[in-house]
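# Overview (structure and organization)
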Amino acid sequence: MSDLITDETLPNLKAFLQADPYIRHYEGELRKRYKQFAEHLAQLEEAEGTFDRFTLSYQSFGIQRRSDNALVLREWAPGAEAVFLTGDFNSWEKQSHPFTQTEFGKWELFLSPELDKSPVIKHLTKLKLVVLTRTGEYLFRISPWAKYVTKTLDSVTYDWTHWDPPQPYQFQHPRPPRPSSLRIYEAHVGIGSPEEKIASYKNFTRDVLPRIKDLGYNCVQLMAIMEHAYYASFGYQVTNFFAASSRFGIPDDLKHLVDTAHSMGITVLLDVVHSHASSNTEDGLNYFDGTDSCFFHGGSRGNHSHWGSRLFNYSSWEVVRFLLSNLRWWMEEYHFDGFRFDGVTSMLYHHHGIGTSFSGNYGEYFGMHVDENAVVYLMLANHILHTLYPQCITLAEDVSGMPGLCRSIEEGGLGFDYRLTMAVPDKWIQVLKEIRDEDWDLGNIVYTLTNRRRGEASVTYAESHDQALVGDKSLAFWLMDKEMYTNMSALIAMTPVIDRGIQLHKLIRLLTHSLGGEGYLNFMGNEFGHPEWLDFPRKGNNESYYYARRQFNLVDIEHLRYRQLYSFDRDMNLTEDKYGWLAAGQAAVTTLNQADKVIVFERANLLFIFNFHPCNSYINYRVAVEHAGKYKIKLNSDELQYGGHGRLVQDTEFFTEPTPFNGRAQSFLSITIWAGTCHQVCPLTKNSIHRCH
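These numbers come from a predicted model, not from an experiment. For every chain, the first residue of the written sequence is number 1, and numbering continues from 1 along that sequence. Predicted model: local features are reported for residues with pLDDT of at least 70 only, side-chain atom pairs are reported and counted for 80 or more only, and whole-chain, interface and lining totals are derived from all residues. Side-chain descriptors were evaluated using all non-hydrogen atoms of the structure, hydrogens and water having been removed beforehand.

## Side note on helix α14 (residues 496–515)
Because an α-helix completes one turn every 3.6 residues, residues spaced three or four positions apart along the sequence face the same direction. Numbering of helices and strands runs from the N terminus; a helix is a DSSP stretch of H or I covering at least four residues, while a strand is a stretch of E covering at least two. Take the residue count of a helix, subtract one, and multiply by 1.5 Å to get its expected span. An ideal rise of 1.5 Å per residue puts 28 Å on 20 residues; α14 measures up with 28 Å between its terminal C-alpha atoms. A simple rule labels every residue: compare its accessible area, found with a 1.4 Å probe on the protein chains alone, to the largest value its type can have, and call it buried under 20%, exposed over 50%, or partly exposed in between. With 17 of its 20 residues buried, α14 lies for the most part within the structure.

## Re the sheet that holds strand β2 (residues 71–76)
What makes two strands pair is DSSP finding at least two bridges between them. Within the open sheet, the four strands sit side by side as β1-β2-β5-β4. Their pairing is antiparallel. The outermost strands of the open sheet, each flanked by one partner alone, are β1 (62–65) and β4 (100–101).

## Topic: the environment of Leu 222
Within the fold, Leu 222 resides in strand β11 (residues 219–223). Residue classification places Leu 222 among the buried positions, given a relative accessible area of 0%. It is 9.2 Å that separates the C-alpha atoms of Leu 222 and Arg 340, two residues lying 118 residues apart in sequence. For Leu 222, the contacting residues outside a window of four places in its chain are Ala 187, Val 189, Phe 204, Leu 254, Leu 257, Val 268, Leu 269, Leu 270, Asp 271 and Phe 336. Contacts were defined at the residue level, with two residues in contact if any of their heavy atoms lie within 4.5 Å.

## A word on unusual backbone geometry
Here Phe 104, not a glycine, exhibits a phi torsion of approximately 60°, which is positive. Here Phe 104 is to be found in the loop between β4 and β5 (106–111). Judged by its relative accessible area of 62%, Phe 104 falls in the exposed class.

## A closer look at the side chain of Gln 666
With respect to the element layout, Gln 666 can be found in strand β28 (residues 666–670). Note on Gln 666: relative accessible area 16%, which makes it buried. Side-chain polar atoms of Gln 666 contact the side chain of Thr 656, separated by 3.5 Å. Among residues more than four places away in sequence, those in contact with Gln 666 are Val 623, Ala 624, Val 625, Glu 626, His 627, Ala 628, Thr 656, Glu 657, Pro 658 and Thr 659. In the analysis that follows, any N or O atom pair within 3.5 Å is treated as a polar contact, provided that within protein one partner can donate a hydrogen and the other can accept it, and provided that, for residues neighboring in sequence, both atoms belong to side chains.

## As for the pattern of salt bridges
Salt bridge, as applied in this entry: a Lys or Arg side-chain nitrogen positioned within 4 Å of an Asp or Glu carboxyl oxygen. Per the counting criterion, the structure on display carries 41 salt bridges. For Arg 419, the salt bridge identified is with Asp 398, shortest N-O distance 3.8 Å. Separated by 21 residues along the polypeptide, Arg 419 in strand β19 (residues 418–420) and Asp 398 in the loop between β18 (393–396) and β19 bring together distant segments of the chain. For Asp 398, a relative accessible area of 3% corresponds to the buried category. Residue Asp 439 is joined to Arg 436 by a salt bridge in which the shortest nitrogen-to-oxygen separation is 2.9 Å. Note on Asp 439: relative accessible area 40%, which makes it partly exposed. Via salt bridges that share partners, Glu 48, Lys 106, Glu 318 and Arg 321 belong to a single interconnected network.

Structural measurements only, silent on function.
In structure tokens form, the structure reads like this:
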């Protein structure tokens, strides 16, 4: 039996209760939740031997080739009357190869090798399961455990294509160490090219990974890898959970991508979708065995009213087997380093967050509206991943603010490493849409950036793929709009719109990066102010790929100002890599002057100075510092190479005075803080201060 159930000292809530006194009223709920998790884990280990074996079920389900080339097939279809295998190997005879029913709704089929000792089913053979329902209907299905599915141009559905190459890919490079400061480049393989087409894994490896490395990001988060029949779903309507999307290339191409990233020291995360599944039947999980309740809840509970997708039944033993084994598959077979769990809010609550405005009242996080089975599943997933892969990283996409989401399970949490601070990009979009920048409430912005749960790490971002989608605008587009099409040349003088837009683009991103969390995320192309939204080919745009691409070529044209934004983003990341503010404690804000539009704060022995005022610059502006000594500018947004105006002398030194100011014993008079700039300054005797205009 697991030590977690027999150890009566767990969960140890001391740190949780100290950091968050409001949770004390729900201490009983936390202990009850932990007990459910520990009991489920113990039951799993008792029935299956170990959770390691249970979560490697992809080695026993689907098609397995033995050492003698005999094949064993195993499926779970509890609602089926009979199951058959058909395909190229038997000229698509529907009933010639029946499965035998075993216990708990499982079905098995044994296929002896050919006379020449080769397997009956060869590499790239096309297959289908035939499910006879209890109403007498024959359904053609793809195995839920299929590792590769493909689609021909004249077909609307995917085919199960057996993947068993004679020479499997051999990884050459170990996983890199887990980053202490997580700088994530969120990316979609298919749009990773300026060309109007679906880009490939090979293209991403050759053309995009070197850019990610050059920009100073140490982690790439790959979207839309799990196979999805509908390209425009952005990968969030998954049909085949164990198959890497074939529209980008073969599985070995993805393995080479991950392997190459590791050789560059880049951690690779998979955007995993376990919150729901596509409602497709012929090439998805829906009605796999002829019932609506095989992998999902039956009836209306199994349908997401907003997404039009199916909702997993996390209380089902076999569903938990399937999902946990899916995580192990991506870690073992493709060498991913962790996961961003999509749609966690939908998983946590029976209402799925629909029509719910989370106010922060703790009663919203406990009670009958919480799906405790989903909570336990997430705890199991985090426990297994972090036990078997101690360097594994898990991120949760949750808008509700569930307390303990990113605390360890032993402390009463759900075990995630980071949460995404989804309120921050919403705040930036809100102020850009609704308020003139000269009227921005800096206090409210700083509050949004610093309002996070103590003891729980977060990944913060100014914009992600959500803000790039059609119907919304990127930050650059909100700031500069149509002038981006005509006035981004450095060969002409900046217009007021371009000037202000470029300066604010830098300030917003650095303020978010340095003040907002313990990790930072950027969506591909936004680092250089990509000028257009993202829209996948669909009927509404005549199946066009024009907006389903990233125009990296704009950065390569020397006289365009996109190159300047790219350079600032790169040096911002490289400066963080040197001084490590993301791994440091939360910043101490010493100046927040709404009238002057100035923000000053310290973090990781760095001093950050921001002036958001559109026209006022300040001479001899006093700033507070913790450490006495000599300071020097390390990053300055006003440099010409970043699209600034070059008004500061970069090697200027600043000397502190024993003049108390804003709660600090030391201070100094800054040089001119130009309007719309930021500096990062560092003490020469310690780490660097970074001053931003």
